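The primary structure of each chain is shown beneath.
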Amino acid sequence: MSYFDSPLGKLYIMAHEDGLTNIIFEQEEGNQLPVNVKDIEFSDDLPVIQDAKLWLSLYFSGCNPDFMPVLSMDGTDFRMDVWNVIKEIPYGKTMTYGEIAQLLSKKRGKKASAQAVGGAVGNNPIPIMVPCHRVLGSGRAITGYSGGLDKKKFLLDLEKIEYIE
């Protein structure tokens, strides 16, 4: 585990030999980090941690990194399908929860709801890199974000994405 000092505060980066597993926003005052985070020794030894820090440095400098660290995400089939769609949203572009639901309904052969998509988006373990901030409500409305709406607005503004508050 390591951390990255970003314009959004400290980001905790978790990984194992198979890839990056989590990016966790440092919590605001009054909220606690997971207990295990406080007890873990920090290290940049894993190459994927170094790749993640480089990716984040490039991203927060306003660039669209041309590589992705190896990701090791774990979730239900539905969540994995949602996260795979989100990974494909290009830098500076967006999709709505409803658009993702329609896409998954066609792919899976059964109806997926925008609310179910929202639940999967909200459980994305690797925000920023798996760009759930690029998912908007209908009419380009900005909606919830695990790190807080202020962080989502910052990321959308960084990518020059228009949204409605």
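First, a word on scope: everything that follows refers to the structure included in this document. Numbering of residues begins from 1 in every chain and follows the order in which that chain's sequence is written. Side-chain atom pairs in this predicted model are given and counted only at pLDDT of 80 or more, local residue features only at pLDDT of at least 70, and totals for whole chains, interfaces and linings cover all residues. Think of the side-chain values as coming from all heavy atoms in the structure, minus any hydrogens and water.

**Quick notes on the layout of surface pockets**
At step 1: In this model, the largest pocket occupies a volume close to 160 Å³.
At step 2: Buriedness for pockets is judged along seven lines, at least five of which must meet protein on both sides within 12 Å for an open set on the 1 Å grid over protein atoms alone, while cavities are sets there where a 1.4 Å probe fits but cannot get out, and lining residues have an atom within 4 Å of a point. Together, 14 residues line the largest pocket, and Trp55, Asn64, Met68, Met129 and Arg134 are the ones closest to its centre.
At step 3: When its residues are assigned to classes, the lining of the largest pocket shows 10 nonpolar, 1 polar and 3 charged. Grid points are joined across faces, edges and corners, and a volume is the space filled by probe spheres set on the points. Three categories are distinguished: nonpolar for Ala, Val, Leu, Ile, Met, Phe, Trp, Tyr, Cys and Pro, charged for Asp, Glu, Lys and Arg, and polar for the others, with Gly belonging to the last.

**Quick word on the packing of helix α3 (residues 77-87) against helix α4 (residues 97-108)**
At step 1: Axis definition: a line fitted to C-alpha atoms, over the contacting stretch in the case of helices. Angles run 0 to 180 degrees between N-to-C directions. Only DSSP runs of H or I covering at least 4 residues are called helices, and only runs of E covering at least 2 are called strands; the numbering of each starts at the N terminus. For the pair α3 and α4, the least separation of the axes is 11 Å and the interaxial angle reads 120 degrees. It follows that α3 is oblique to α4 by the angle criterion. Crossing of α3 over α4 shows right-handed handedness. Mapping the contact onto sequence places Asp77, Phe78, Asp81, Val82, Val85 and Ile86 in α3 and Ile100, Leu103, Leu104, Lys107 and Arg108 in α4.
At step 2: Here the contact of α3 with α4 is composed, by residue class, of 7 nonpolar, no polar and 4 charged. Convention used here: angles under 35 degrees read as roughly parallel, angles over 145 as roughly antiparallel, angles from 65 to 115 as roughly perpendicular, and any remaining angle as oblique. Handedness of each helix crossing follows the sense of rotation of the near helix against the far helix: counterclockwise by less than a right angle gives left-handed, clockwise gives right-handed. Two residues qualify as a contact provided that any one of their heavy atoms is within 4.5 Å of a heavy atom in the partner residue.

**Overview of the nonpolar core**
At step 1: Within the largest apolar cluster, 40 residues are counted, with the highest numbers of intra-cluster contacts made by Leu20, Leu56, Phe60, Val82, Ile86, Val117 and Ile128.
At step 2: Of all the elements in the fold, those that place two or more residues in this core are β2 (9-16), β3 (19-25), α2 (47-60), α3, α4, α5 (114-122) and α6 (149-158).
At step 3: A per-element tally of this core places α2 first, with 7 residues.
At step 4: Setting aside chain neighbours within four positions, we find isoleucine 86 in contact with Ile100, Val121, Val130, Pro131, Cys132 and Val135.
At step 5: In terms of nonpolar packing, the next biggest core, distinct from the first, is built from 5 residues, Leu136, Leu156, Ile161 and Tyr163 among them. We define the nonpolar core as a collection of buried residues of types Ala, Val, Leu, Ile, Met, Phe, Trp, Tyr and Cys that are connected through side-chain atoms lying within 4.5 Å of one another. Only protein chains enter the accessibility calculation, which uses a 1.4 Å probe. A residue is then buried if its area is under 20% of the maximum for its type, exposed if over 50%, and partly exposed in between.

**Structural notes on the sheet that holds β2**
At step 1: The criterion for strand pairing is that DSSP finds at least two bridges linking the strands in question. Read from one edge of the open sheet, 3 strands run β1-β2-β3, paired in antiparallel fashion. Pairing within the sheet leaves two strands with one partner each, and these edge strands are β1 (2-6) and β3. The sheet shows a mean angle of 25 degrees between the axes of neighbouring strands, direction not considered.
At step 2: The pairing of β2 with β3 spans 6 bridges and is classified as antiparallel. Considered in β3, the bridge of methionine 14 is made with asparagine 22.
At step 3: Running over the sheet, α2 touches β1, β2 and β3 and is turned about 145 degrees from β2.

Function-wise, these values are silent; they only describe arrangement.
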